[in-house]
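Examination of the molecular architecture
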Amino acid sequence: MKSMDFNWRKGIAAAAAVCVAVGGLAGCGDSNKDEKKQETGGAGEDTGTDAKADPETKTDSDIPMGRYLEEDMNVPEGSQYVEGLTFLDDGSMGIIYRDEGYSPFLSKSKDQGQTWEKGSKIADMVGIDMEGYEISKAILAKNGGMLLSMYTEAGEGENIRPEYKYAYIDPEGESREIEIDDITAEDIMWRGKATDKGTFLLQFIGKGIIELNPDDGSVVNRYEESGSAQFFGAVGSRLIVVTYDGVHYYDLDSGKPLSDEEALTKQIMSESGNLSNQSSSSDSIIFAKGDQEDSIFYVDHTGIYGYTFGGNVVEQIVNGSLNSIGSPDCGLVDFIGGVDGSFYLLTSGSGQGNMKGQILKYVYSKDTPSVPDTELKIYSLKESDLMKQVAAVFQKKYPDIYLSLETGMTGEDAVTSTDAIKTLNTEIMAGKGPDILILDGIPEDTYVEKGMLEDLSGVLKDAGILENIKNAYVDENNSIYRMPAKFGIPFLCGNTGDVDKITDLNTLADVIEQNKEQYSADSLPMYNLVSPKLLLKSLADVCAPAWFKEDGTLDETAVKDYLEQSNRIYQAGKEAAEQWFGGVWMDGYEVGDDYQREYMSVGGTPLMDGSQLLNIGGLYSPDSLATLDSTEKEMGTLSSRLFNGQAENCFIPLQIVGISAKTENKEAAEKFVQFLFSGEAQMIGNGLPVNQSVYEDWDYWNVGDDEGKVSILSSSNGKTGEMVTLNVLQPSEETVKKIQDIGKTLTVPSAVNDIILNAVAEQGQAYLKGESTLEEAASSIIKEVNLYLSE
């Protein structure tokens, strides 16, 4: 077995490496805990590597020691967006970034990123005519040379199109325009990488990857001309290309294919995220040169790995679940190994408050246990981006606690919410359940009644939670057994005359019916009714609290009224929705199965281009408020308001957290819950903060740049074919205050578990489709839910 011998990390191979052998994962288990043992090697376990743990890195109790810890590094002053990071031949570190005006700059650091020289504007370095052109990409090579892609808009009216040209700034600072063989002005470069020998690998849409000699513009070699490449990287004399059907290897000197690296290919292809190519500004996997000849490192969202070509072991060096690498808002931009055995990862943020990007440094600490002392299991019915984001920050702050995120429904199997909840209950009763529960979709009231949750009143005593949110969860004994970490405000937006008429579910149905003549294949009443299931689930956010009697059972009259009003809405828009889908209805594509309310926002271009006449959803972030406010101001004929349904003054609780009464890690669980409601964590992710200080803080709501610009949205008008563009701007403090005040008036949590919601949606859609009567649907719902409640 050929393995890497990382000189700079003595003793870590057995203590902190996961080995992926040709036959599969060495010592692999099914649970997250098994995977964690496999990653660390575990005390006395053989990881299959040649390296041995250094006795000096163990404690007296033989706990394996040594782990990479994450540090935040500085980016140059004025940096708003980051694009590239490399070590230059002169020993300095170079970074490509953009300022608020989106102009690209080059800056250098002589101390490994501790401090940065004043950035040089790249446009000022170009000695060719750039009139009418802007720099779209700048690729920095080790020798200091830069390849630039520049674009302009050509044509007129509907025929406006981007055109590109290319320039090269050599290491001496001389620049020249380059004409690339077989590449036209209309060809779009998707991404580019520099090689060690000074050439550039450029991926053009539809033309594969070309290797460019920047000195004369000649094409040295062509690769993957079928256009199947998703990601690629140049490492020494090798080119590695990730495609949907495998990983391909090439010799950059000859341009010829190399034999497969079976272990590396298998490990890369085992992560589905490594095949997701959704952005030209960040990658799902990035390759870097190894510390020894014929070796590489690579990073993906599961961690940092090492491999020696010709070997049969891939070693996990850094576990991404213990730091920011595994966070869904961490975009991987560039990746390099340092001369001191550290790693540098350039990242871009997709979450609020982290758009500027940052450099993360991974430094080996021999005095840190290779596995955190305490493992906390956090369970959610569905995958939670917020928990991933918070976990990344928490584990950096508390490296002695490992957060294991477990999901009941992965979407990769046929497990239903009912199946998942039954399995969860069985594990809890057997004492094998999670320490922390995210109760969204789970029967939280039942868990409280059966004493399955810890009282959080002491933990949250000084959390500063909004009074209206907190009081909704305080029982008669002043106990608190669960609390949402975030919330949303149900909202609707449309023509002012229509919005003024809508005060509840019945009047919503009235307005939808009254406007029936306006609907067509290009203009729907609202997106919510593209499927009966989606309609029934989304309207439940402001109706479900009205369905229950005081004894907790369903009120058949309220359920029948809900189905009846939903059917009025559905029938009014059904024909238009069917035309919108070309006559193919939703039987093979169940919109609503994976309904996530926090992504149903209001406002935006659909109201501007006429594709929707009404938006119903929620306000879940400052960005969604900015979009709504900008839409209203742009149109002038729109208005919005709090959306009431069968129930009034509802808020939408998100990420409802509870601590299991059976946890054996109560102290660590309480520490996590306290952090979840802290100002630091409340700034993270989608959903409005329940922490009052953050909720009232202008810095939280101020998401615009110095000119008040937030983003630009565009879409095509279905009737005219013209593009509609919305410049999203920062709302005024007065507008923000209005929304803040509305949020503080909401007292009714709209949370319904998935078993009940699915029963209403499944039986209700049969009624909406004409497959059952109102009485039959309501009766089936009542029987199904009451049977569940009696279990």
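Since we're looking at a predicted model, the values are computed, not measured.

Right, let's talk about the confidence of the model for the protein for a bit. The predicted model of the protein averages 85 in pLDDT, with 87% of residues at 70 or higher. Put simply, strand β2 (residues 24–25) is where the protein has its lowest mean pLDDT, 34, and helix α17 (residues 692–695) is where it has its highest, 98.

This paragraph deals with unusual backbone geometry. A positive phi angle, near 70°, is found at D182, a position not held by glycine. Along the polypeptide, D182 turns up in the loop between β11 (175–178) and β12 (189–194). Phi at D294 is positive, roughly 65°, even though this residue is not glycine. Topologically, D294 is positioned in the loop between β19 (285–289) and β20 (295–300).

The final tally for this structure, using the stated rule, is 2 cavities of 30 Å³ or more. In this structure, the second largest cavity encloses a volume near 40 Å³. If you go around the second largest cavity, the residues you meet are D498, V511, I512, N515, Y519, P525, L613 and L614.

Inspection of the secondary structure puts I652 in strand β32 (residues 650–659). Spatially, the C-alpha atoms of I652 and P490 are 7.1 Å apart, while their sequence positions differ by 162 residues.

In this structure, I489 and F677 are the most contacted members of the largest nonpolar core, which totals 120 residues. With 9 residues, helix α12 (residues 556–580) is the largest single contributor of residues to this core. If you look at the next biggest cluster of nonpolar residues, it comprises 18 residues, including V242, I268, I285 and F309.

Moving on to the packing of helix α5 (residues 385–397) against helix α15 (residues 666–676). For the pair α5 and α15, the least separation of the axes is 11 Å and the interaxial angle reads 115°. Taken together, the axes of α5 and α15 lie roughly perpendicular to each other. The chirality of how α5 crosses α15 is right-handed. For the pair formed by α5 and α15, the contact residues are M387, V390, V393, F394 and K397 on the first element and K671, F672, F675 and L676 on the second. Grouping the constituent residues of the contact of α5 with α15 by class yields 7 nonpolar, no polar and 2 charged.

With that settled, consider the packing of aromatic side chains. Scanning all chains against the criterion turns up 23 aromatic pairs. Arranged with centres 6.0 Å apart and planes meeting at 70°, the rings of Y168 and F200 form a pair that is edge-to-face. A residue pair is termed long-range when its members are at least 10 positions apart, and Y168 in strand β10 (residues 161–169) and F200 in strand β13 (residues 200–204) qualify at 32 residues. Residue class for F200 comes out buried when judged on its relative accessible area of 0%. Members of the aromatic cluster, connected to one another through ring pairs, are Y473, F487, F651, Y695, Y700 and W701. The residue whose ring lies beneath K165 is Y133, and the NZ or CZ to ring-centre distance is 4.3 Å. The aromatic ring of F309 is capped on one face by R238, whose charged end is 3.9 Å from the ring centroid.

Turning next to the sheet that holds β10. Either a parallel or an antiparallel arrangement is found when strands of a sheet pair, and the pairing is made through backbone hydrogen bonds. Read across the sheet, 4 strands follow the order β8-β9-β10-β11 without closing on themselves; strand pairing throughout is antiparallel. The open sheet terminates on both sides in strands that have one partner only, identified here as β8 (134–140) and β11. The average undirected angle you get between the axes of adjacent strands in this sheet is 30°. Here strand β9 (residues 146–154) runs beside β10; their pairing, made up of 9 bridges, is antiparallel. Bridge pairing links M150 to K165 in β10.

Cut-offs applied
Residues numbered from 1 in each chain as written. Predicted model: local features only at pLDDT ≥ 70, side-chain atom pairs only at ≥ 80, totals over all residues. Heavy atoms only, no water. pLDDT = per-residue confidence, 0-100. Helix = DSSP H or I, 4+ residues; strand = E, 2+ residues; numbered from the N terminus. 1 Å grid on protein atoms, 1.4 Å probe; cavity = no way out; pocket = protein on both sides within 12 Å on 5 of 7 lines; lining within 4 Å. Points joined across faces, edges and corners; volume = space filled by probe spheres on them. Core = buried A, V, L, I, M, F, W, Y, C linked by side-chain atoms within 4.5 Å. Buried < 20%, exposed > 50% of the residue type's maximum accessible area, 1.4 Å probe, protein only. Axes fitted to C-alpha atoms, helices over the stretch in contact; angles between N-to-C directions. Parallel < 35°, antiparallel > 145°, perpendicular 65-115°, else oblique. Left-handed = near helix turned anticlockwise from the far one by under 90°. Contact = heavy atoms within 4.5 Å. Nonpolar A, V, L, I, M, F, W, Y, C, P; charged D, E, K, R; others polar. Phe/Tyr/Trp six-rings, centres within 6.5 Å; stacked < 30°, edge-to-face > 60°. Lys NZ or Arg CZ within 6 Å of the ring centre and 35° of its normal. Pairing = 2+ DSSP bridges.

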